[in-house]
Amino acid sequence: MNSEHLSAPLGVFDSGVGGLSILKELHHQVPAEHLIYVADQAHVPYGARSLAQVRQFSEGITRFLLSQGAKMIVVACNTASAAALHYLRRVFPETPFVGMEPALKPAAETTRSGVVGVLATPATFQGELYASLVNRYAQDITVLQDTCPGLVAQIEAGEKNGGETRRILEKALEPMLSAGADTLVLGCTHYPFVSELIQQISGPGVRIIDPAPAVARQARRLLQARGWLGEAGGSSTGTRGSVRLFTTGDLDHLRRVLPYFWSGEAESAALHWQGDSLHFFQS
Ligand code: DGL
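Residues numbered from 1 in each chain as written. Predicted model: local features only at pLDDT ≥ 70, side-chain atom pairs only at ≥ 80, totals over all residues. Heavy atoms only, no water.

## Examining the sheet that holds strand S1 (residues 10-14)
- The strand order across the open sheet formed by 7 strands is S4-S3-S1-S2-S9-S10-S11, and the pairing between neighbours is mixed. A strand with exactly one partner marks an edge of an open sheet, and here the two such strands are strand S4 (97-98) and strand S11 (277-280).
- The pairing of strand S2 (residues 35-39) with strand S9 (residues 243-247) spans 5 bridges and is classified as parallel. Paired with Tyr-37 across the strands is Leu-245, a residue of S9.
- Docked against the sheet, helix H3 (residues 51-67) engages S1, S2, strand S3 (72-75), S4, S9, strand S10 (267-274) and S11, running at close to 155 degrees with respect to S1. (Pairing = 2+ DSSP bridges. Helix = DSSP H or I, 4+ residues; strand = E, 2+ residues; numbered from the N terminus. Contact = heavy atoms within 4.5 Å. Axes fitted to C-alpha atoms, helices over the stretch in contact; angles between N-to-C directions.)

## A closer look at the layout of surface pockets
- Counted as a void, the largest pocket has a volume near 720 Å³.
- What lines the largest pocket is a set of 33 residues, and nearest its centre among them are Leu-85, Gly-99, Met-100, Glu-101 and Leu-129.
- Residue assignment for the lining of the largest pocket shows that the elements contributing at least two residues are H3, helix H4 (78-91), S4, helix H5 (104-110), helix H7 (128-137) and helix H11 (212-226).
- Looking at the lining of the largest pocket, its residues break down into 18 nonpolar, 6 polar and 9 charged.
- Taken as a whole, the second largest pocket holds about 230 Å³ of empty space.
- Around the second largest pocket, the lining comprises 22 residues; the ones closest to its centre are Pro-45, Gly-47, Thr-121, Pro-122 and Val-152.
- Elements supplying a minimum of two residues to the lining of the second largest pocket: H4 and helix H8 (151-156). (1 Å grid on protein atoms, 1.4 Å probe; cavity = no way out; pocket = protein on both sides within 12 Å on 5 of 7 lines; lining within 4 Å. Points joined across faces, edges and corners; volume = space filled by probe spheres on them. Nonpolar A, V, L, I, M, F, W, Y, C, P; charged D, E, K, R; others polar.)

## A look at the pairing of S10
- As paired elements, S9 and S10 share 4 bridges and run parallel to each other. Across the sheet, residue Thr-247 finds its bridge partner in S10, namely Ala-270.
- Where the polypeptide runs from S9 across helix H12 (residues 251-257) and back to S10, its parallel neighbour, the crossover connection is right-handed.
- As judged from the 4 bridges shared by S10 and S11, these two strands associate in the antiparallel manner. Within S11, the residue paired with Trp-273 across the bridge is Leu-278.
- Counting the residues that bridge the hairpin from S10 to S11 gives 2 residues, and of these Gly-275 lies at a positive phi of roughly 65 degrees. (Right-handed = clockwise from strand over helix to strand, strands pointing away.)

## What about the site of the ligand?
- Around the ligand lies a shell of 14 residues, among which Ser-15, Tyr-46, Gly-47, Asn-78 and Thr-79 are the nearest.
- A distance of 2.8 Å is found between an oxygen atom of the ligand and a backbone nitrogen or oxygen belonging to Gly-47.
- Note that an oxygen atom of the ligand is positioned 2.6 Å from one of the side-chain N or O atoms of Thr-79.
- For the ligand, whose accessible area on its own is 300 Å², the fraction buried by protein is 99%. (Near = heavy atom within 4 Å. Polar contact = N/O pair within 3.5 Å; in protein donor to acceptor, adjacent residues only side chain to side chain. Areas by Shrake-Rupley, 256 points an atom, 1.4 Å probe, with all protein chains shown as cover.)

## Overview of the packing of H3 against H4
- Between H3 and H4, the least distance of the axes is 8 Å, while the angle of their chain directions is 55 degrees. Considered as vectors, H3 and H4 are oriented oblique to each other. Helix-helix and strand crossings are classified by hand; for H3 and H4 the assignment is right-handed. Taken together, the residues of H4 that come into contact with H3 (itself represented by Leu-51, Val-54, Arg-55, Ser-58, Glu-59, Thr-62 and Arg-63) are Thr-79, Ala-80, Ala-83, Ala-84, Tyr-87, Leu-88 and Val-91.
- Counted by class, the contact of H3 with H4 contains 8 nonpolar, 3 polar and 3 charged residues. (Parallel < 35°, antiparallel > 145°, perpendicular 65-115°, else oblique. Left-handed = near helix turned anticlockwise from the far one by under 90°.)

Put into structure tokens, the structure is as follows:
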């Protein structure tokens, strides 16, 4: 067993605060791990950008996280996973990556009505990954999609319950619900933060699939398989790993909205992009 790996942090990233839904599950399921999170708020939303551009950001962030000693990278963003996961695995063959995909498989397995709604970004729907999921798992069901324009921006602003957030969701969900959807897949890591509102609009008979617990379990399995799970991981000592949050955007804004998304302790700091690479912000 390599002791260096036991105490090395996990690197996690997203375009913004969305990936904190994954970070929360990681903190819960692998509590002794030190976590470093990058929110690329200089570029949020990723969903309307080209896959090539998102791939370039993802590579820059990965390089930064590796420079901070990350032993594994969790791509806590469906859009970045669709755009960059294969590429990142090729460029960084020594590093284990955990990525995300819209949970069409469990949705197809459990829907009773045969109608499933997927909420994700345009880039996620455009990627090959999504097409292959539909091919593999959704041949016998009806899948309805919506990109919820503007929803990521509302969530980034901390508007988890506001009128505009509700309006965007009602517009997206209405056609799905009238077509008989009984299962909704949250295919963007920002959306678990509005799952209560989604449930309220959809009613109690609709099942919402939030992939965060499965992603954290997968990270835990990979760490365990390599013997890299932080020593106190869930053990009796109860030691908690530290959490460091970085934004490439406005640090004051992140600090202001953070309580809507994160209740634990966390240090926060700013980074800035210089060409394709990330650096600590010197004020
Ligand atoms: N949270 C992201 C995702 O899971 C991206 C949202 C965005 O930046 O458009 O897809």
